[in-house]
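Descriptive structure summary
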Amino acid sequence: MTRADRRPREVPTASRAGPRFTEKLAQAHLWVAVLAFGIASAMALMQALSRASLDLPWRTAGMYYLSVTAHGVLMALVFTTFFIMAFGYVVVSRTLSREPAPRVLAWTGYWLALTGTLATTGTILSGKASVLYTFYPPLMAHPLFYIGLALVVVGSWCWSAVMLLSYRAWRRANPDAPTPLAMHGMIATVIVWLIATVGVAAEDLIQLIPWSLGLVPTIDPVLARMLFWYFGHPLVYFWLLPAYVIWYTLLPRVAGGKLFSDPLARLVFVLFILLSAPVGFHHQFMDPGVSAGWKMVHTFLTFAILFPSFITAFTVTASMEVGGRAKGATGLFDWIAKLPWRDPLFSSIALSMILFAIGGIGGAINASFGMNAVVHNTAFIQGHFHLTVGSAVALTFMGAAYYLLPRLSGRELELGLLARVQPYLWFVGMMLFSISNHMTGLMGMPRRIYDASYGGSAAAAAWRGLTGISAVGGVFLFVSAGFFMLVMIGTALAGRRREPEPILWAEPLSPEITRRTVFDRYALWTAIAILLVIVAYAYPLWAHLRMARFGSPGFSPF
Ligand code: HEM
Ligand SMILES: [Cu+2]
């Protein structure tokens, strides 16, 4: 057997005869993601301008919170989840050389998640669910908002089942082969997601839905926040791991190089399975009801989970250097200039990594029990997560969409110039937007306020110049998002038809893993992860449930 035989082979893609199952399924998901992104971006511009105190027509607090809720839900929950589901199906078909199965389950998941998305978004847009993307009680939304969310989660569980069943079928036919790296990363994503969603499903089904239907008069907000953040932190790894899969398995080849280390990449995904969940209290440092000792435990685990991201930064950068050197660079830094900066997949990822590095520094501040008090609920947080999910993840997904859509639809990318400029616009816009928000946050500006004049307060006057810079950043971002939408829609409608190119996965430099290893023991890693969750959560949860608890009725101020 030669090396080439062992490598997962590319299966034929869409032909002129029409798309095959995976192409159809993945594109159906991709388009929900793209449209959600487009709508949410339009709302974002309005928000960024509003926070700079620009008097737009119809600008009211109610309108602002409706918009921020829709923007947060559409971006962070709909765009990400649907893109990840699309990408997962592509990875199954292109690394395991088989179509995702069972097909009925895959389509059931799609329609459930889409129905849920429409119910939730419709409820928000009708003004009955301005509860923000964290939907903290006692803010209360119309029941349809919570029911829609439940459907999205159930839809994503169908996707998870299809991913795992497809893997199992492949594994039976290939008992000794190593899991292809991209699939390894997506299995880690699925496991993290399944562990995480138990929390939000419990909050939704046991607390929020009965309460919003009026079946119970009050709700326990502390318990709801515990369950939400048990879900909310691993949620960020659900977003991030597919982006890492793209960095590890697509980027090196586009950069003209090889993956620096295959085993390190595999280790990273295993570490995320283990450590994604038992860290949620780092979002609740300022909350009553959780003891300081347990917050400290979660702090340590949070710093532990920075480690696999450091490995990723190292490995992916090293892979790029391999690419630059393969093109003849010999100096310390001249390999950077040799990289394909005009390729939108490459530039999206490289720029998103720079933004992510800045976001990571802020993240270490957020995660520090003491320093968190300075930045908690300020614009600093909004600056932070637009660098992480809003850039490392979103910009990578946009770059990947440029790469995937032609390969799925059999149409050439249209408006290539816009695609080439778009990542740079995002980068400039995000630097302006997020750095100014970090600064106003440190000056005390809260997040989630619709008007930066803050009722004419003297302290707020100092924020003025910076909120203007943030708004300019918002305009850049909006134009960038518009370019992305034009390229996507242009490609779908007017792209020249041709035989799609294959998806080429990166080859490892060395050492190459050729047999199944301990990294592929997913049941074992899941069991240890669950054990860690029990260690981190069982006692605080039990202690909370034992306390005299106070319920709150619902409030809908907007
Ligand atoms: C198109 C460029 C974008 C701009 C100009 C923008 C701007 C904003 C602004 C001004 C807020 C409101 C902040 C507040 O009042 O606290 C916000 C909130 C938010 N954004 Fe973005 N954003 C953009 C893209 C994204 C992306 C790509 C994501 C994630 C994929 C994202 C996720 C969020 C989330 C989760 C919230 C919080 C909502 C909440 O507080 O409930 N944004 N954004
Ligand atoms: Cu977190």
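The following refers to the structure shown.

What counts and what doesn't
Per chain, residues are indexed from 1 in the order of the written sequence. Starting at A for chains and at 1 for ligands, labels are handed out in the order in which the entities are written. Totals for whole chains, interfaces and linings use all residues, but because this is a predicted model, local features are given only for residues with pLDDT of at least 70 and pairs of side-chain atoms are given and counted only at 80 or more. Neither water nor hydrogens contribute to the side-chain values; these are computed over all heavy atoms in the structure. A pair of aromatic rings is counted whenever rings of Phe, Tyr or Trp (Trp by its six-membered ring) have centres within 6.5 Å, and the orientation is called stacked for planes under 30 degrees apart, edge-to-face for over 60 and tilted otherwise. Comment: elements are numbered from the N terminus, with helices defined as DSSP H or I runs of at least four residues and strands as E runs of at least two. For the exposure calls, accessible area comes from a 1.4 Å probe over protein chains only, and a residue counts as buried if that area is under 20% of its type's maximum, exposed if over 50%, partly exposed in between. A 2.8 Å cut-off from the metal defines N, O and S donors, relaxed to 3.2 Å for Na, K and Ca; water is not in the atom list, so some sites may appear incomplete. Sites are called tetrahedral only when four donors show all angles between 85 and 135 degrees, square planar or octahedral only when four or six donors show opposite pairs over 155 degrees and all other angles between 65 and 115, and irregular in any remaining case. Here a residue is near a molecule or strand as soon as one of its heavy atoms is found within 4 Å of it. Distance and chemistry together define a polar contact, namely a pair of N or O atoms within 3.5 Å, with one atom able to donate a hydrogen and the other to accept it when in protein, and with adjacent residues in sequence counting only for side-chain atoms on both sides. When residue character is reported, Ala, Val, Leu, Ile, Met, Phe, Trp, Tyr, Cys and Pro are called nonpolar, Asp, Glu, Lys and Arg charged, and the others, Gly included, polar.

1. Observations concerning the packing of aromatic side chains
Scanning all chains against the criterion turns up 39 aromatic pairs. Plain terms: the ring middles of Y237 and F272 are 4.9 Å apart, the flat faces sit at 35° to each other, and that makes the pair tilted. One end of the pair, Y237, is in helix 7 (residues 221-249); the other, F272, is in helix 9 (residues 262-275), and 35 residues separate them in sequence. In this pair, the class of Y237 matches that of F272, namely buried.

2. Concerning the coordination of the iron atom of ligand 1
Coordination of the iron atom of ligand 1 by the protein is provided by H71 (NE2) and H386 (NE2), with metal-donor distances spanning 2.0 Å. Around the iron atom of ligand 1, the six donor atoms are arranged such that angles at the metal cover 87 to 179°; this shape is classified as octahedral. Linking H71 in helix 3 (residues 61-95) with H386 in helix 14 (residues 379-409), this pair joins segments that are 315 residues apart in sequence. Taken as a pair, H71 and H386 share a single burial class, namely buried.

3. Focus: the site of ligand 1
In the neighbourhood of ligand 1, 26 residues make up the surrounding shell, with Y64, H71, Y133, H386 and R448 lying closest. H386 places a side-chain nitrogen or oxygen 2.7 Å from a nitrogen atom of ligand 1. Between an oxygen atom of ligand 1 and a side-chain N or O atom of R447, the distance comes to 3.1 Å. The set of elements that each furnish at least two residues to the shell around ligand 1 consists of helix 2 (21-51), helix 3, helix 14, helix 15 (416-442) and helix 17 (464-494). Across the shell around ligand 1, the residue classes tally to 15 nonpolar, eight polar and three charged.

4. Quick word on the coordination of the copper ion (ligand 2)
H233 (ND1), H282 (NE2) and H283 (NE2) make up the full set of protein donors to the copper ion (ligand 2), lying at 1.8 to 2.0 Å. Counting along the primary sequence, the residues that act as donors to the copper ion (ligand 2) give the motif H-x48-H-H. Overall, the relative accessible area of 9% leaves H282 in the buried class. Judged by its relative accessible area of 24%, H283 is partly exposed.

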